[in-house]
Amino acid sequence: MPAVRIAKGIERGRAVTIVVDGQPVAAHEGETLAAALAAAGRTGLRHSPRAGTARGAFCLMGVCQECLVRVDGRLRQACRVGVADGQVVECRGSL
């Protein structure tokens, strides 16, 4: 999926850079990690442990745990974590 961030007409927090699977990703303070990743075109966040199928943000309110990723070394739900400058996120590695 291509990046979908709206370029104009919206007030955003300060621009920050997070590191996702070793790659820099632009984000803005005040966004959830799930929103920042989706805006950057990253919808696949992990693979299911049984079938190995791709998983991404589903409910976006912390109920389903489909967006589980490792943030700064801890397992977190991407929809419930705000971005922070320099944050390190692991999506593709083993959770």
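Residues numbered from 1 in each chain as written. Predicted model: local features only at pLDDT ≥ 70, side-chain atom pairs only at ≥ 80, totals over all residues. Heavy atoms only, no water.

**Student:** Can you help me understand the pattern of salt bridges in this one?
**Tutor:** Side chains bearing opposite charge may pair, as long as their charged atoms lie close to each other. Tallied over the entire structure, the rule returns four salt bridges. Overlapping salt bridges bring together Arg46, Arg55 and Glu66 as one network. (Salt bridge = Lys/Arg side-chain N within 4 Å of Asp/Glu carboxyl O.)

**Student:** So what exactly am I meant to see when it comes to the sheet that holds strand β1 (residues 15-20) here?
**Tutor:** Either a parallel or an antiparallel arrangement is found when strands of a sheet pair, and the pairing is made through backbone hydrogen bonds. The mixed open sheet is built from five strands, whose spatial order is β2-β1-β7-β5-β6. Either end of the sheet is taken by a strand with one partner, and the two such strands are β2 (23-28) and β6 (74-77). Each strand of the sheet is rotated relative to its neighbour by a mean of 40°, with strand direction disregarded. Looking at chain direction, strand β5 (residues 68-71) and strand β7 (residues 88-90) are connected through two bridges and run antiparallel. Within β7, the residue paired with arginine 70 across the bridge is glutamate 90. (Pairing = 2+ DSSP bridges. Helix = DSSP H or I, 4+ residues; strand = E, 2+ residues; numbered from the N terminus. Axes fitted to C-alpha atoms, helices over the stretch in contact; angles between N-to-C directions.)

**Student:** Honestly, the side chain of glutamine 87 in this entry has me stumped. Any pointers?
**Tutor:** Within the secondary structure, glutamine 87 sits in the loop between β6 and β7. Engagement of the side chain of glutamine 87 in a polar contact is seen with the backbone oxygen of glycine 82, the distance being 3.2 Å. (Polar contact = N/O pair within 3.5 Å; in protein donor to acceptor, adjacent residues only side chain to side chain.)

**Student:** Would you mind going over the environment of proline 24 with me for this structure?
**Tutor:** Note on placement: proline 24 falls in strand β2. Since its relative accessible area comes to 61%, proline 24 is described here as exposed. For the pair proline 24 and glutamine 87, spaced 63 residues apart in the sequence, the C-alpha separation amounts to 9.9 Å. Among residues more than four places away in sequence, those in contact with proline 24 are Thr17 and Ile18. (Buried < 20%, exposed > 50% of the residue type's maximum accessible area, 1.4 Å probe, protein only. Contact = heavy atoms within 4.5 Å.)

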